[in-house]
Amino acid sequence: MSTPLRLLIIGAHPDDADYAAGGLASLYRAAGHVVGMVSLTNGDAGHHVKAGPTLAQRRWQEAQNSAAVIGASYQIFDFHDGELMPTLDARHQVVALIRNFKPDLVLTHRPNDYHPDHRYTSQLVQDAAYVVTVPFYVPSAPYLSRDPVIAYLPDFFQKPTVFEPTVAIDVGPVVDKIVAMLHCHTSQFYEWLPFNRGVADQVPAEDAHRRQWLKDWFIPKLRSQADHYRKLLIKLYGSERGAKIEFAEGFEGCEYGAPLDDEARRRLFPFVPFAL
Ligand SMILES: [Zn+2]
């Protein structure tokens, strides 16, 4: 096999990367590529019963378990949950992160998003996009000779712009892998999020029932993404397969990294047939 591709997914919380791009991460790993998932905050506020260092430790372990499902890594930075700011210190850390990983493709949140940690994670990655190539910027981490491609994770926010994927992928074959990853985040998908949404009483107690409950809750998002990206899926996969794709993830090129042009799309998404 030729040199493995390197995918770095930089999220704000210890479940964002797998939640938004678990399908791409699974497909990359299945093809022998390298996947690093990152959370810039330690997740220490994401619970209604137990917060602080105990929760941060618990979420670190959940993230490791999730990464282990596909053989990826999950790095958790130590910024407090809900308190990430686009400071110089944080920018320096993100620059060093990207340089040390040497990614071909970096994924992160879009800059407009409901959660301030998501917004500032996006800001930090965008702020790092060019300076990763500047030798005397954070000289302690060896600079990159070329910018990686940077793209945004999917969301459904409408303002100021609707998410417009540059590439969309069929994640049907790896839906169970994604669910298996999310299943590791017990504190989130079976405790905090159901509590926050007022459905804590609906979470099944038994493990297999939980997994099915999580799948039933999660896959409408993937189905909705496939419906939203249908035109692009048909372009990329051809009219027959593209029309039938049930579950999809999409990624929108960011203008600040190397461009996600046709050559980059073919190189970075080798499992897409590009029927166009
Ligand atoms: Zn998040």
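For every chain, the first residue of its written sequence is number 1, and the numbers climb from 1 along that sequence. Local features in this predicted model are restricted to residues of pLDDT 70 or higher, and side-chain atom pairs are both shown and tallied only at a pLDDT of 80 or more, whereas totals for entire chains, interfaces and linings draw on every residue. The side-chain values count all of the structure's non-hydrogen atoms but skip hydrogen atoms and water molecules.

Explanation requested: the layout of surface pockets in the structure shown.
Taking a probe equal in size to a water molecule and rolling it over the atoms shows the remaining empty space. Computed over the protein atoms alone on a 1 Å grid, cavities are sets of points where a 1.4 Å probe fits but cannot get out and pockets are open sets with protein on both sides within 12 Å along at least five of seven lines; a residue lines them when it has an atom within 4 Å of a point. Grid points are joined across faces, edges and corners, and a volume is the space filled by probe spheres set on the points. Space inside the largest pocket adds up to approximately 690 Å³. Under the DSSP-based scheme used, a helix requires at least four consecutive residues in state H or I and a strand at least two consecutive residues in state E, with every element numbered from the N terminus. Among the secondary structure elements, those contributing two or more residues to the lining of the largest pocket are α1 (16-30), α6 (186-196) and α7 (207-228). The dominant element in the lining of the largest pocket, judged by the number of residues it contributes, is α6, at five residues. Taken as a whole, the second largest pocket holds about 330 Å³ of empty space. Along the wall of the second largest pocket there are 18 residues; nearest its centre are Pro103, Asp104, Arg146, Asp147 and Pro148. With three residues, helix α10 (residues 262-268) is the single largest residue contributor to the lining of the second largest pocket. Partitioned by chemical class, the residues of the lining of the second largest pocket number nine nonpolar, one polar and eight charged. Asp, Glu, Lys and Arg are counted as charged, while Ala, Val, Leu, Ile, Met, Phe, Trp, Tyr, Cys and Pro are counted as nonpolar; the rest, among them Gly, fall into the polar class.

In this structure, what is going on with the packing of aromatic side chains? I would like to understand it.
Given two aromatic rings, their pairing is described by the distance between the two centres and the angle made by the two planes. Two rings from Phe, Tyr or Trp (for Trp, the six-membered ring) form a pair when their centres are within 6.5 Å of each other. A pair whose planes differ by under 30 degrees is stacked, one over 60 is edge-to-face, and the rest are tilted. Counting across every chain of the model gives ten aromatic pairs. Between phenylalanine 163 and tyrosine 229 the ring centres are 6.0 Å apart and the planes differ by 45°, which places this aromatic pair in the tilted class. Taken together, the residues phenylalanine 163 in the loop between β5 (149-152) and β6 (167-170) and tyrosine 229 in the loop between α7 and α8 (230-237) connect sequence positions 66 residues apart. There is no split in this pair, since phenylalanine 163 and tyrosine 229 are both buried. Ring centres 6.4 Å apart and planes at 85° place the aromatic pair phenylalanine 269 and phenylalanine 271 in the edge-to-face group. Residue phenylalanine 271 is classed as partly exposed on the basis of its relative accessible area of 25%. Of the aromatic side chains, those joined through ring pairs into one cluster are Tyr19, Phe189, Trp217 and Phe218. We count a charge as sitting over a ring when the NZ of a lysine or the CZ of an arginine lies within 6 Å of the ring centre and within 35 degrees of the ring normal. The ring of tyrosine 19 has lysine 221 lying over it, and the distance from NZ or CZ to the ring centre is 4.3 Å. Categorising residues by exposure relies on relative accessible area from a 1.4 Å probe, with only protein chains included: less than 20% of the type maximum marks a residue as buried, more than 50% marks it as exposed, and the intermediate range marks it as partly exposed.

I tried to follow the coordination of the zinc ion on my own but got confused; where do I start?
Each metal's donors are the N, O and S atoms within 2.8 Å of it, or within 3.2 Å when it is Na, K or Ca, and because water is not part of the set, sites may look incomplete. Note on the zinc ion: its protein donors are His13 (ND1), Asp16 (OD), Asp16 (OD) and His118 (NE2). The metal-donor distances range over 2.1 to 2.4 Å. Written as a sequence motif, the donor arrangement for the zinc ion is H-x2-D-x101-H. Given a relative accessible area of 7%, histidine 13 falls into the buried group.

Hey, could you run me through the pairing of strand β3 (residues 73-79) in this one?
A regular strand places its side chains on the two faces of the sheet in alternate fashion. A pair of strands is treated as paired once DSSP finds two or more bridges between them. Summarising the sheet, strand β2 (residues 34-41) and β3 pair through five bridges and their orientation is parallel. Pairing of threonine 41 across the sheet is with phenylalanine 79, part of β3. Between the parallel pair β2 and β3, the chain is carried across by helix α2 (residues 53-70), and the sense of this crossover is right-handed. Note on handedness: a crossover is taken as right-handed if, strands pointing away from the viewer, the path from the first strand over the helix to the second is clockwise.

Please clarify how the side chain of threonine 41 should be interpreted in this entry.
Tracing the sequence through the fold places threonine 41 in strand β2. Within the local environment of threonine 41, its side chain forms a polar contact with the backbone oxygen of alanine 12, the two atoms lying 2.7 Å apart. Two residues qualify as a contact provided that any one of their heavy atoms is within 4.5 Å of a heavy atom in the partner residue. With near-sequence residues (within four places) excluded, threonine 41 lies in contact with Ala12, His13, Pro14, Ile76, Phe77, Phe79, His80, Asp81, Leu84 and Asp117. For this analysis, a polar contact is any N or O atom pair within 3.5 Å, provided that within protein one partner can donate a hydrogen and the other can accept it, and provided that sequence-adjacent residues contribute only side-chain to side-chain pairs.

So what exactly am I meant to see when it comes to the environment of threonine 54 here?
Tracing the chain through its elements places threonine 54 in helix α2. Measuring from C-alpha to C-alpha, the distance between threonine 54 and aspartate 44 comes to 7.8 Å, with ten residues separating the pair along the chain.

Can you help me understand the sheet that holds strand β1 (residues 6-11) in this one?
Pairing between sheet strands relies on hydrogen bonds along the backbone, with the strands arranged either parallel or antiparallel. In spatial order, the strands read β3-β2-β1-β4-β5-β7-β6; together these seven strands make up an open sheet with mixed pairing. Each of the sheet's edge strands pairs with one partner strand only, and the pair in question is β3 and β6. With strand direction ignored, the average angle separating the axes of adjacent strands in the sheet is 25°. Simply put, an axis is a line fit to the C-alpha atoms, just over the touching stretch for a helix, and the angle between two N-to-C directions goes from 0 to 180 degrees. Contacts between α2 and the sheet are confined to β2 and β3, with β3 contributing the most and set at about 160° to the helix.

Just checking my understanding: could you explain the pattern of salt bridges for this structure?
A side chain of one charge can pair with a side chain of the opposite charge when the charged atoms of the two come close. Every case where a carboxyl oxygen of Asp or Glu lies within 4 Å of a side-chain nitrogen of Lys or Arg is listed as a salt bridge. For the coordinates displayed, the defined rule picks out 13 salt bridges. In this structure, aspartate 155 engages arginine 110 in a salt bridge whose closest nitrogen and oxygen atoms are separated by 2.7 Å. Residue aspartate 155 is found in the loop between β5 and β6, and its partner arginine 110 is found in the loop between β4 (105-108) and α4 (116-131); the two are separated by 45 residues along the sequence. For the pair formed by aspartate 155 and arginine 110, the shared burial category is buried. For aspartate 176, the salt bridge identified is with lysine 215, shortest N-O distance 2.8 Å.

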